[in-house]
Amino acid sequence: ETAVFQTPNYHVTQVGNEVSFNCKQTLGHDTMYWYKQDSKKLLKIMFSYNNKQLIVNETVPRRFSPQSSDKAHLNLRIKSVEPEDSAVYLCASSLDWGGQDTQYFGPGTRLLVL
Amino acid sequence: GDSVTQKEGLVTLTEGLPVMLNCTYQTIYSNAFLFWYVHYLNESPRLLLKSSTDNKRTEHQGFHATLHKSSSSFHLQKSSAQLSDSALYYCALSDLPGNTGKLIFGLGTTLQVQP
């Protein structure tokens, strides 16, 4: 099956803990993204990578760090989570980074910070 | 900077009535790419349709939209709403093609279709 896969589906943690989310795509795409969907459903890009190279790094707190081992994987680490980090984190991929390509999304990881 | 405006946060319709979800955008670039993504509950967001061609109607799965650069609009329409159309719809703008490729999303419009 070719798609975008994310783990875990759901994660509950305490303020100050570190969390890591995984994303893998089997579509053969070169570009991957992390988006944050907040409680009001606002969807905003955080990072994008093209073939392991960082392309977009929006203004996100420094406790967020993406990690790419190869072009099929893009993980997201959050050091010392805060309550406002509670959201759904969506991973996506596209063939290239030119902007006109369709982005394919994973099912999301829902983070709840207590 | 670039932005996308979706005026309606919630649209409630009776099945069978026409659908129109508004989307306007702002960009300094003349060759913008516009997208509609749909997010059904408990599924992944997925592309519904996209366009970069001025005044050309784009259709998919019964929905259609026409990019009008003169009015910076890309409204989503369907002639007859179905219960299964209930979902969250995002309009999105692509940053300058060939540049960073990031998508700028509107706030989304939730469409609720009632029997």
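Further up the page is the structure itself.
What counts, and where the lines are drawn
Residues numbered from 1 in each chain as written. Chains lettered and ligands numbered in written order. Predicted model: local features only at pLDDT ≥ 70, side-chain atom pairs only at ≥ 80, totals over all residues. Heavy atoms only, no water. Salt bridge = Lys/Arg side-chain N within 4 Å of Asp/Glu carboxyl O. Helix = DSSP H or I, 4+ residues; strand = E, 2+ residues; numbered from the N terminus. Buried < 20%, exposed > 50% of the residue type's maximum accessible area, 1.4 Å probe, protein only. Pairing = 2+ DSSP bridges. Core = buried A, V, L, I, M, F, W, Y, C linked by side-chain atoms within 4.5 Å. 1 Å grid on protein atoms, 1.4 Å probe; cavity = no way out; pocket = protein on both sides within 12 Å on 5 of 7 lines; lining within 4 Å. Points joined across faces, edges and corners; volume = space filled by probe spheres on them. Nonpolar A, V, L, I, M, F, W, Y, C, P; charged D, E, K, R; others polar. Contact = heavy atoms within 4.5 Å. Buried area = accessible area lost by both parts, 1.4 Å probe. Polar contact = N/O pair within 3.5 Å; in protein donor to acceptor, adjacent residues only side chain to side chain.

Q: Explanation requested: the pattern of salt bridges in the structure shown.
A: Oppositely charged side chains are able to pair whenever their charged atoms sit close together. Per the stated rule, a full pass over the model turns up eight salt bridges over all chains. Close ionic contact of Glu 18 of chain A with Arg 77 of chain A constitutes a salt bridge, the shortest N to O distance being 3.8 Å. Of this pair, Glu 18 of chain A sits in the loop between strand E2 (10-13) and strand E3 (19-25) while Arg 77 of chain A sits in strand E8 (residues 73-78), placing them 59 residues apart in sequence. Residue Glu 18 of chain A is classed as partly exposed on the basis of its relative accessible area, which comes to 47%. Using a relative accessible area of 24% as the deciding quantity, one classes Arg 77 of chain A as partly exposed. Measuring nitrogen to oxygen at the nearest pair gives 2.7 Å for the salt bridge that ties Lys 78 of chain B to Asp 85 of chain B. Via salt bridges that share partners, Arg 63, Glu 82, Glu 84 and Asp 85 of chain A belong to a single interconnected network.

Q: In this structure, what is going on with the pairing of strand E5 (residues 43-50) of chain A? I would like to understand it.
A: The side chains of a regular strand alternate between both faces of the sheet. Residues and elements named next belong to chain A. Of all eight residues that make up E5, seven are buried, and the element is covered over most of its length. Pairing geometry for strand E4 (residues 31-37) and E5, over seven bridges, is antiparallel. What sits directly across from Gln 37, in E5, is Leu 43. The turn linking E4 back onto E5 is made up of five residues, and Lys 41 within it adopts a positive phi angle of 75°.

Q: Would you mind going over the nonpolar core with me for this structure?
A: Residues Leu 34, Trp 36, Leu 48, Leu 49, Leu 76 and Tyr 89 of chain B are the most contacted members of the largest nonpolar core, which totals 27 residues. Only strand E2 (10-14), strand E3 (19-21), strand E5 (33-39), strand E6 (46-51), strand E8 (63-66), strand E10 (87-94) and strand E12 (109-114) of chain B provide two or more residues apiece to this core. The leading source of residues in this core is E10 of chain B, at four residues. In this structure, Trp 34, Tyr 49, Ala 87 and Leu 111 of chain A belong to the second largest nonpolar core, which totals 19 residues.

Q: In this structure, what is going on with the layout of surface pockets? I would like to understand it.
A: Rolling a probe over the atoms, with the probe sized like a water molecule, indicates the empty space that remains. There is about 480 Å³ of room inside the largest pocket. Lining the largest pocket we find 19 residues, and of these Arg 110 of chain A together with His 39, Tyr 40, Leu 41 and Asn 42 of chain B sit closest to its centre. Contributions of two or more residues to the lining of the largest pocket are made by strand E9 (87-94) and strand E11 (109-113) of chain A together with E10 and E12 of chain B. The residue makeup of the lining of the largest pocket, split by class, is seven nonpolar, nine polar and three charged.

Q: Please clarify how the interface of chain B and chain A should be interpreted in this entry.
A: By convention, interface size is frequently given as the accessible area that disappears when the constituent parts associate. Listed per partner, the contact involves 21 residues of chain B and 22 residues of chain A. Summing both partners gives a buried area of about 1700 Å² for chain B against chain A, and 56% of it is carried by carbon and sulfur. Counting every contact that joins chain B to chain A gives zero salt bridges. Between chain B and chain A we count eight residue pairs in polar contact (both at pLDDT 80 or more) in total. Among the secondary structure elements, those contributing two or more residues to the side of chain B that touches chain A are E5, E6, E10 and strand E11 (103-105) of chain B. In terms of residue count, E5 of chain B provides more of the side of chain B that touches chain A than any other element does, four residues in total. The residue makeup of the side of chain B that touches chain A, split by class, is 12 nonpolar, seven polar and two charged.

Treat this as a map of the structure, not an account of what it does.
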